[in-house]
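Architecture and fold: a report
Here is how the chains run, residue by residue.
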Amino acid sequence: MNCLHLYDSQTRENRKVVPARGDTLRFYCCGPTVYGPAHIGNFRTFVMQDVFRRVVESTGIKTKHVRNLTDVDDKTIRQSQEAGVSLTDFTAGWTEKFHKDSEALNLLSPHVEPSAVEHIPEQIEMIATLIEKGHAYRADDGSVYFKVDSFDDYGKLSRLKEREITTSETEREDSDEYERESAADFVLWKARKEEDGPNYWESPWGQGRPGWHLECSAMCKKHLGESFDVHSGGEDLLFPHHENEIAQSECCNGTSFVDHWFHISHLMVDGAKMSKSLGNLYTIDDLAEKGFTPEEVRYVLFSGSYGQQLNFTLDSLKAAGKALERLRDFKEKLGALPDGPASSIDDFGPFKPVIEALLNDLNTSDALGKLFSLVKQFLKEIPNLDTDSLNEARRGFACCLYALGLRLDIPKSTKSAVPDDIADMAKERWEAKQNKDWGRSDELRDAILAQGWQVKDTKEGYTVSPL
Ligand code: AMP
Ligand code: ZN
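Per chain, residues are indexed from 1 in the order of the written sequence. Chain letters start at A and ligand numbers start at 1, both assigned in the order the entries are written. Given that the model is predicted, a residue must reach a pLDDT of at least 70 before its local features are reported, and side-chain atom pairs must reach 80 or more before they are shown or counted; all residues, however, enter totals for whole chains, interfaces and linings. With hydrogens and water excluded, all non-hydrogen atoms of the structure serve as input to the side-chain values.

Concerning the overall build of the chain
For the chain, the count of helices and strands is 14 helices and 15 strands. The atom set for the radius of gyration is the C-alpha atoms, and the globule formula is 2.2 Å times the number of residues raised to the power 0.38. Its C-alpha radius of gyration of 25 Å places the chain within 12% of the 23 Å reference for a compact globule of 467 residues. Considering only C-alpha atoms, the chain reaches an extent of 75 × 50 × 40 Å along its principal axes. Relative accessibility decides the category of a residue: with a 1.4 Å probe and only protein chains considered, values under 20% of the type maximum give buried, values over 50% give exposed, and everything between is partly exposed. Burial analysis of the chain (467 residues in total) assigns 52% to the buried set. Throughout, a residue-residue contact means that at least one pair of heavy atoms, one from each residue, lies within 4.5 Å. In the chain, 75% of the contacts between residues at least 6 apart in sequence involve partners at least 24 apart. Each accessible area value is a Shrake-Rupley result obtained with a 1.4 Å probe; residue values ignore everything except the protein chains displayed when judging cover. In the form shown here, the chain has an accessible surface area of approximately 20400 Å², with 47% of it arising from carbon and sulfur atoms. The chain carries 57 positive and 79 negative side-chain charges, and their two centres are separated by 6 Å. Strands here are runs of E lasting at least two residues and helices are runs of H or I lasting at least four, both read from the DSSP assignment and numbered beginning at the N terminus. In this tally, Asp and Glu contribute negative charge and Lys and Arg positive charge; neither His nor the terminal groups of the chain are included. Charge positions come from single atoms, namely NZ of Lys, CZ of Arg, CG of Asp or CD of Glu.

Below is the structure:
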């Protein structure tokens with residue numbers, strides 16, 4: 001198997017993930033609602049999407065990854081008003097925090113990160129087409145609704161015909177009283193209300209703002225086209241959000257919307273979904289205060305199968321810390337690793353079983369099992385390996401680290417005490433030493449000394465301590 005096979009929530013089968021057109025896989029993820037810090041449940045979804053992209057790219061396929069920002073909805077508006085700041089400033093602050101946490105978790109930045117507020121004209125245009133084609137109607141208050149009855153395929157993703165739509169399932173979007181014709185109809189344009197304050201736009205149907213589902217349809221169309229390869233989100237988005245995206249996009253564009261649906265199961269705490277409303281959440285900062293690194297968090301978030309809910313515990317973070325220590329120790333024994341991702345699975349060399357496990361429906365727990373048994377085997381063999389074999393092992397291990405998004409570059413013992421710039425210099429010195437660049441390594445040792453710190457080489461690597 002040399003390409004990814006992934007479970008498709010629509011066909012309910014494992015299917016190949018390959019670009020339908022050209023050589024680039026077009027991939028959309030529903031992004032964060034920026035009204036507070038993302039919690040590690042949200043990040044389970046973003047980390048798995050990141051592993052997905054890294055694995056696809058490791059097989060030599062390029063990706064175009066689009067992930068939106070939801071920067072206007074009931075929650076962002078309400079919270080910005082409570083904070084007494086404009087919606088733009090409020091969401092900009094939380095977007096910055098999201099970027100910082102994402103970087104700490106080593107998430108690759110999407111190629112495009114569009115925001116709902118920046119795409120109002122595109123959303124208005126889609127609504128106009130839907131009205132023209134008889135799939136939407138304007139209610140007396142100026143809101144516009146999608147007419148669910150007008151789309152025969154409604155429910156094809158969630159197999160809705162096997163159950164009934166209840167209003168509680170559509171609550172997230174329509175928490176206010178809107179005048180829709182049927183409980184199933186969902187809002188495309190929300191007429192302006194007094195409590196929205198200055199957060200409204202002009203439209204042919206009066207002042208208001210777009211509905212949440214519509215933003216993703218409009219941004220997909222603009223940045224990936226009317227039809228594209230893979231669409232992803234947490235399992236809670238399957239219905240109604242993704243079902244509604246399909247309805248809007250297929251009725252507006254007259255063509256099939258998405259080839260492959262990738263849903264990630266929830267992160268749970270004591271049997272309940274981790275969520276803001278339940279107040280049972282942890283953020284990256286909460287866990288840093290308890291002494292856990294973002295890399296330990298990342299490890300926990302990808303270590304269980306994405307298709308099953310994962311119960312979060314602090315003990316799992318401690319175990320992740322130990323696992324990462326073992327990998328870091330192995331990395332140090334291997335010596336300097338080459339950079340960058342694999343360009344084909346052959347680059348994994350002796351570590352090919354790891355990528356093969358990942359290509360089988362992103363089976364991360366199997367991949368980690370394979371990784372650790374290879375590490376164990378190589379630890380015994382390193383002293384007897386010739387240079388070519390050692391280089392193949394280095395390349396293969398580096399490809400595994402890239403695919404899983406692990407950096408392993410902060411020796412745990414020095415992680416909090418040493419300032420970032422000193423830690424960076426110490427790391428660079430270590431790398432210079434591995435490359436036998438003695439001039440550079442001496443220069444860096446002196447620069448570190450000049451700032452009141454010293455580096456010492458040990459059997460396992462190096463330590464950094466104050467003078
Ligand atoms: P939101 O910021 O609420 O729009 O959600 C951002 C992403 O996080 C969406 O893909 C959600 O489906 C996902 N998500 C929300 N809660 C969880 C959770 N407990 N576990 C995994 N993913 C989640
Ligand atoms: Zn979406």
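Remarks on the coordination of the zinc ion (ligand 2)
Taken together, the protein ligands of the zinc ion (ligand 2) are C30 (SG), C216 (SG), H241 (NE2) and E245 (OE), with distances of 2.1 to 2.8 Å. Note that the zinc ion (ligand 2) binds four donor atoms; their angles at the metal cover 72 to 130°, and the shape is irregular. In this listing, donors mean N, O and S atoms no farther than 2.8 Å from the metal, or 3.2 Å for Na, K and Ca; water is missing from the atoms, so a site can look incomplete. Considered as a linear motif, the donors of the zinc ion (ligand 2) on their single chain read C-x185-C-x24-H-x3-E. Taken together, the residues C216 in helix α5 (residues 212-224) and E245 in helix α6 (residues 238-253) connect sequence positions 29 residues apart. Taking relative accessible area as the criterion, C216 reaches 1% and is therefore assigned buried. Sites are called tetrahedral only when four donors show all angles between 85 and 135 degrees, square planar or octahedral only when four or six donors show opposite pairs over 155 degrees and all other angles between 65 and 115, and irregular in any remaining case.

Some remarks on the domain arrangement of the chain
Accessible area lost during the coming together of the parts is what is often quoted as the interface size. Domain start and stop positions are those given by an automatic or database domain assignment. For the chain, the assigned domains read domain 1 (15-264), domain 2 (293-404) and domain 3 (418-466). Placing a centre on the C-alpha atoms of domain 2 and another on those of domain 3 gives a separation of 26 Å. With four residues of domain 2 at the interface, the matching set in domain 3 holds five residues. Accessible surface is computed with a 1.4 Å probe, and the buried area is the amount of it that two parts give up when combined, taken over both parts together. Together, the buried faces of domain 2 and domain 3 total about 350 Å²; carbon and sulfur atoms form 50% of this surface. Considering only the surface of domain 2 that becomes buried against domain 3, D329, E332 and A336 emerge as the three largest contributors, covering 82% of it. Put simply, a salt bridge is a Lys or Arg side-chain nitrogen that is within 4 Å of an Asp or Glu carboxyl oxygen. At the junction of domain 2 with domain 3, the criterion picks out zero salt bridges. Among the residues forming the side of domain 2 that touches domain 3, the class breakdown is one nonpolar, one polar and two charged. Each residue receives one of three labels: charged for Asp, Glu, Lys and Arg, nonpolar for Ala, Val, Leu, Ile, Met, Phe, Trp, Tyr, Cys and Pro, and polar for the others, Gly being one of them.

A closer look at the sheet that holds strand β9 (residues 228-234)
Strands qualify as paired when DSSP identifies two bridges or more between them. Sheet architecture is open: four strands sit in the order β4-β3-β9-β10, paired in parallel fashion. The sheet terminates laterally at β4 (62-67) and β10 (258-264), the two strands that pair on one side only. Pairs of neighbouring strands in the sheet enclose a mean axial angle of 20°, with direction left out of account. When β9 meets β10, the two strands line up parallel, connected through six bridges. Fitted lines through C-alpha atoms serve as axes, helices being fitted only where they are in contact, and the angles separating the N-to-C directions of these axes extend from 0 to 180 degrees.

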